[in-house]
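These are the residues of each chain, in order.
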Amino acid sequence: MTFTPTRILIFGGTGTIGSYITTSLLRAQPRFPQITLFTSPGTAEKKASQIAKWKSDGLSVIVGDLTSSADVKSAYQSSQADTVISAVGRGGLQHQIELLRLAEESNTVQWFLPSEYGTDIEHNDKSPDEKPHQLKLKVRKYIRAELRRVKVTYVVTGPYFDMWVDTAPGLESAGGFKPEEKKAWIIEDGEGKIGFCTMWDVGKFVVGTLRHPEESFGKALKVQSFIVSPNEVLAEYEKQTGAKWEVTKTPLDDLKSLETDLWAKGNPRATSATLRRIWAEGGTLYEKNDNDVLNVEGLDSLADAVKHALVGGYKANTF
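Residues numbered from 1 in each chain as written. Predicted model: local features only at pLDDT ≥ 70, side-chain atom pairs only at ≥ 80, totals over all residues. Heavy atoms only, no water.

Focus: the pattern of salt bridges
On inspection of all chains with the given rule, the structure shows 20 salt bridges. Across the salt bridge formed by Glu281 and Lys126, the nearest N and O atoms sit 3.2 Å from each other. Within this pair, whereas Glu281 is found in the loop between α12 (270-280) and α13 (291-294), its partner Lys126 is found in the loop between β5 (111-113) and α6 (134-146), the two being separated by 155 residues in sequence. On the accessibility criterion, Glu281 (31% relative accessible area) is partly exposed. Note on Lys126: relative accessible area 41%, which makes it partly exposed. (Salt bridge = Lys/Arg side-chain N within 4 Å of Asp/Glu carboxyl O. Helix = DSSP H or I, 4+ residues; strand = E, 2+ residues; numbered from the N terminus. Buried < 20%, exposed > 50% of the residue type's maximum accessible area, 1.4 Å probe, protein only.)

Let's talk about the pairing of strand β2 (residues 34-39)
Among the 6 residues in β2, 5 count as buried, and that is most of the element. Where strand β1 (residues 7-11) meets β2, 5 bridges bridge the pair, whose relative direction is parallel. Residue pairing for β2: Arg7 is matched across the bridge by Gln34. The handedness of the β1 to β2 crossover, carried by helix α1 (residues 18-27), is right-handed. In terms of strand pairing, β2 meets strand β3 (residues 60-63) through 4 bridges, oriented parallel. Each bridged residue has a counterpart across the sheet, and for Leu37 the counterpart in β3 is Val61. (Pairing = 2+ DSSP bridges. Right-handed = clockwise from strand over helix to strand, strands pointing away.)

Take a look at the structure:
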């Protein structure tokens, strides 16, 4: 099957990671012939200025309800999309099953990239039981059982460095960095390596995937900006700030206890604690990643990522 994506439809393209993907697609050279954003009426109003800027860069927009099969079917038909990119957040992962069903029924959609950016949900034998993975695993199960015509590719990026360095108020012991206080919280001895992707590089890797359809069909591509230890991150922060930081080290067992307690209390931040435990246990490491498959150039270095974090990181980004 020789295939080149020309008409791209994006769901969740204004969200936390979706904004990086949408912007990267619009900036890609050579340009993609058609890029269409499907968004809700509320988002179209709330993010009108951002969407207007993207439209000036060539974006087409369809306003509709993600949970309406009729709206989604109409979007597939009107855009004549051959490639669908989902960047829906955790709250919308379950809706992807219907997006996939309708894509399979359509006459145009050939390729679908589900919202898999982040932690590898099939990394090891413990992965099937991890609570944050369940909806994504359900989507993969549906794909394996029901899709026959549409090709699927998962772009698995590991943790976003931009968000990993952030501390959650009251959950500092789970890990993170506070530049304004020159404080860091690190799991165990800080020597365990973690494979990271910056949020801008997620967008670059999605573009790279679209440039290599034949090599990407049917695969879960594991891609990374860099692989470093928390201690290396700390050293870079200290280098760029010219100061020695105060470091608190949290034993892995303490993180596990925190995770268990948060789940028992129904605290939504339990997901973050679980993911940080997974990363600390080596859940982002491989004998070899798939960067070479995509040949993406200009990826961020650790120094780039820390520099960006020090000026506000993803919270200060404009698109």
